[in-house]
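Geometric and topological summary
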Amino acid sequence: MINSLLERKIEKRPDKVRLNGRILFLTEDPELIKRQLAGDDLPWDTKNPGNNPKLRDDISTDEITPAHYCFYFDETLGEIPYLGLKCGSVFPIGRSDVKKGGFVCAVSGKRRGKGSSREQSPYAEMCAGIRVVIAENIERIYKQNCQNLGLLTSTNFALIDQIRSGEEIPLKEFVTGEDEITQQVIEYGGLFPFNLARMQKKVFLPPIKTEFVLEMTGNVRQYRTPPMTVAEKIFARHMINEQGEVGVPSVKPGDTGFARADLRVSHEYVTPMAAIFFERYVGKDAKVNDPSSILFFRDHLTFLDEVISEEKKKLGLLDLATQLKLKQQDFAAKQGIKLHGELKDRKGSEGICHSIVLESYALPGQLNIGSDSHTPHVGAIGCVAFGIGTTDVFNSWITKDVRVKVPESVKIMIRGKKLPNVTAKDFILKILSLDYVRSGKALAKVMEYAGEAIEELSVDERATMTNMAAEIGGFTGIVAPDRKAVDFLVERRGMDRAKAESMIEGLRSDPNAQYANVIELDAAELTPMVATPGDPGNGKYVRDLSIPVPVELAYGGTCTAGKNEDMDMYALVLADALKHGKRIADSVKFYIQFGSQETRDYCIRKGYLEVFEKAGAHVIEPSCGACINAGPGVTTRPEQVVISAQNRNFPGRSGPGQMYLASPLTVAASAVAGHIVEYELSAERELVSA
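For the structure given in this document, a descriptive report is provided here. What you see is a predicted model, and the numbers here were worked out from it, not measured in a lab.

Each value, and the rule that gives it
Residues numbered from 1 in each chain as written. Predicted model: local features only at pLDDT ≥ 70, side-chain atom pairs only at ≥ 80, totals over all residues. Heavy atoms only, no water. Phe/Tyr/Trp six-rings, centres within 6.5 Å; stacked < 30°, edge-to-face > 60°. Helix = DSSP H or I, 4+ residues; strand = E, 2+ residues; numbered from the N terminus. Buried < 20%, exposed > 50% of the residue type's maximum accessible area, 1.4 Å probe, protein only. Lys NZ or Arg CZ within 6 Å of the ring centre and 35° of its normal. Pairing = 2+ DSSP bridges. Axes fitted to C-alpha atoms, helices over the stretch in contact; angles between N-to-C directions. Contact = heavy atoms within 4.5 Å. Right-handed = clockwise from strand over helix to strand, strands pointing away. Core = buried A, V, L, I, M, F, W, Y, C linked by side-chain atoms within 4.5 Å. Lys, Arg positive; Asp, Glu negative; His and termini not counted. Salt bridge = Lys/Arg side-chain N within 4 Å of Asp/Glu carboxyl O. Polar contact = N/O pair within 3.5 Å; in protein donor to acceptor, adjacent residues only side chain to side chain.

1. A short note on the packing of aromatic side chains
In this structure the tally under the stated criterion is 19 aromatic pairs. Taken together, a centroid distance of 6.0 Å and an interplanar angle of 10° make the contact between F194 and F258 stacked. A residue pair is termed long-range when its members are at least 10 positions apart, and F194 in helix α10 (residues 191-199) and F258 in strand β9 (residues 256-260) qualify at 64 residues. Exposure remark for F194: the relative accessible area of 0% places this residue in the buried category. Ring centres of F278 and W397 lie 6.0 Å apart, and the angle between their planes is 70°; on these two criteria the pair is classed as edge-to-face. Residue F278 is found in helix α12 (residues 271-281), and its partner W397 is found in helix α16 (residues 390-399); the two are separated by 119 residues along the sequence. In terms of burial, F278 and W397 fall into one category: buried. It is R198 that lies over the ring of F258; its NZ or CZ is 3.6 Å from the centre.

Below, the structure is given as structure tokens:
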């Protein structure tokens, strides 16, 4: 506890707000956006919405703040909101346009703020003058980041008329329907002032009540905790009770409180901004709470200098990226925090944060938080792990906990036996294409993967499923830990088997646990998938592509596809090609990037580097790389086609080209064929064209 915080004055914001300014409607029609930026106010009929222009859906944080502009970590961000917003083939918003336009409100359609957990996005909107965002539905992390910063959010389009008429709007309009803690965060104007009030015991933390279930065994009456999912059991172990102790008998969806985190993770995109917030609001000489459970990573921008454009260099963005690295290094040294950084003897990093946390740190039953939407990666061994924003990060350095509203769970049952050329990536691309997911019904829910096909997956393959819960818009992804998880801990960590087995005891969903929905798929009916350009939800079977799709680039890597078993798949296809006298097509560049040094060492032991080299692949040291437009493998022209094993293909995320997402098998096979194909594991081992 930092004593000076206990004495700091803190007040709630006024109970009415007046929003003086214009409204920016983010429509599909770029000309309508340009008209608004030029000074025209767009008419809007709130009573007859069918009369209005179509709003842009699925606006990602990549579009609100393109990755390279996140090198800024101050108010300069106010010049760049929506620079990546794409309407058709047009980017209608230029630098400082929003700030100059006097806009106080931004309106869009479904699934606003999907994708990355970067808090730079709502912070950029705030710094540009936006005080409220309105959308049909809003992604969890983005919405929580807004609340943490004090940016108001709503799904009530009737507010448009009130804002335009200059009416005072009761603050309760923005807190109605929220849980009691979130209401208070909004009332105090953000998470940090709320936490000050919490430390000073000025706020109300609702108790988490357990309604015990009566069971009769013969004449014996017993009261038991209600049935819970595996995620709910982990939440219950970590929620802080009324006495300030960790652990409650049970939780249910909707319960709110603070959960003690076992690990708190951040990387160089977020650590510097969090450090500045910490030094500004807590104190330059203040110390973080328990640095031994905090991990920093330099994993995102290691290869940026190889792909950043001369134009961006002239804007000073490469220098800014270096400042991110230096700020994180300095703060880590000052605070005594472990930093997994760059390599000393060659270019590259020790590894991507998610890869290293799974390989070396995470344990079954833990609750882990990280400054990246793909933090659920480690749910592969039975953790509840989820992404948080910058304000949550720096607050966790003070309190060692994180605000939580226990989410509902969705059980995704994949039964049966998969085909040999189908992988976890094909499973998740199929799930992402389902109407339940695309319509936003899975938002902020736990994705619990189960069924015979999941049980047969290795931990590496399960991590692909849990990692891409982020693309679903889920709270997290998890697989109940079993023998495969124990084997992973024993074989990859050298853990004593009995100790590993004790960790997974009780970490199964109860038979009568409640789910918001159950999705069932038959693995035997699935064939290799691709997601067509624009969104990971644009899934279709490779064999259903109407015409052959030539590719110039193929990319295998990132946290999603840079694991040991992913390397097995690249090596399988390329070794098979070499056996048949083939190499990577002359028209294709194929990049393979390790997720960690451990995976690189694995490839050396298996002899894969020689296979990759003989086949013509370019091997890259660990980093997030092309996935965030910061390494080899990015596109440079709009018409350029890339097939990638990464997790996202949002517009502009990895360059201006056309990106198809696919499994490591499909990516490698397509690199050999020169166009998108399935990898066919037949006796002839032929590449079968789409």
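Having seen the structure, we can now continue with the description.
2. Re the sheet that holds strand β10 (residues 263-267)
In any sheet, the strands associate via hydrogen bonds between backbone groups, in a parallel or an antiparallel arrangement. Reading across the sheet, the five strands line up as β12-β11-β10-β13-β14 and stay open at both edges, with parallel pairing between neighbours. Edge positions in the sheet fall to β12 (338-340) and β14 (384-387), since each of these pairs with one other strand and no more. Neighbour-to-neighbour, the strand axes of this sheet turn through a mean angle of 20°, independent of strand direction. As judged from the three bridges shared by β10 and strand β13 (residues 367-370), these two strands associate in the parallel manner. Paired with R264 across the strands is I369, a residue of β13. Its contacts with the sheet put helix α11 (residues 230-238) on β13 and β14, and the angle it makes with β14 is roughly 85°.

3. Topic: the pairing of β10
Within β10, five of the five residues are buried, leaving the element largely enclosed by the surrounding structure. Inspection of the sheet shows β10 paired to strand β11 (residues 294-297) by four bridges, in the parallel sense. Counterpart to V265 in the pairing with β11 is L295. Viewed along the sheet, the connection from β10 through α12 into β11 turns out right-handed.

4. Notes on helix α6 (residues 140-149)
Burial analysis of α6 places nine of its 10 residues in the buried class, the great majority of the element. Of the positions making up α6, those classed as buried are R140, I141, Y142, Q144, N145, C146, Q147, N148 and L149. At the exit of α6 stands G150, carrying a positive phi of roughly 100°.

5. Overview of the sheet that holds strand β2 (residues 22-25)
In space, the four strands of this open sheet follow the order β2-β3-β4-β5, with parallel pairing throughout. Where the open sheet ends on each side, the last strands, each with one partner, are β2 and β5 (152-154). Strand-to-strand twist in this sheet, taken as the mean axis angle between neighbours without regard to direction, amounts to 25°. Pairing of strand β4 (residues 132-134) with β5 involves three bridges; the strand directions are parallel. Note that in β5 the partner of V132 across the bridge is L152. Along the sheet, helix α2 (residues 30-37) contacts β2 and β3 (103-107); its crossing angle with β2, the most-contacted strand, is approximately 160°.

6. Section: the side chain of N52
Take N52: it is sitting in the loop between α2 and α3 (61-64). N52 gets classed as buried once you look at its relative accessible area, which sits at 15%. Among all residues touching N52, those that are not within four sequence positions of it are P43, W44 and D45.

7. Structural notes on the nonpolar core
Buried together is how nonpolar side chains tend to be arranged in soluble globular proteins. Counting 82 residues, the largest nonpolar core has F386 and W397 as the members making the most contacts within it. Looking at this core element by element, the count peaks at six residues for α10. Leave out the neighbours within four places in its chain, and W397 touches R264, S266, T271, A274, A275, F278, V288, N289, I294, F296 and F331.

8. Concerning the side chain of R140
Tracing the backbone shows R140 in helix α6. Here R140 sits buried without a salt bridge, and the closest side chain of opposite charge, D392, lies 6.5 Å off (N-O distance). Here G387 takes part through its backbone oxygen, which lies 3.1 Å from a polar atom of the side chain of R140. When residues no more than four places from it in sequence are discounted, the contact partners of R140 are F386, G387, A444 and F475.

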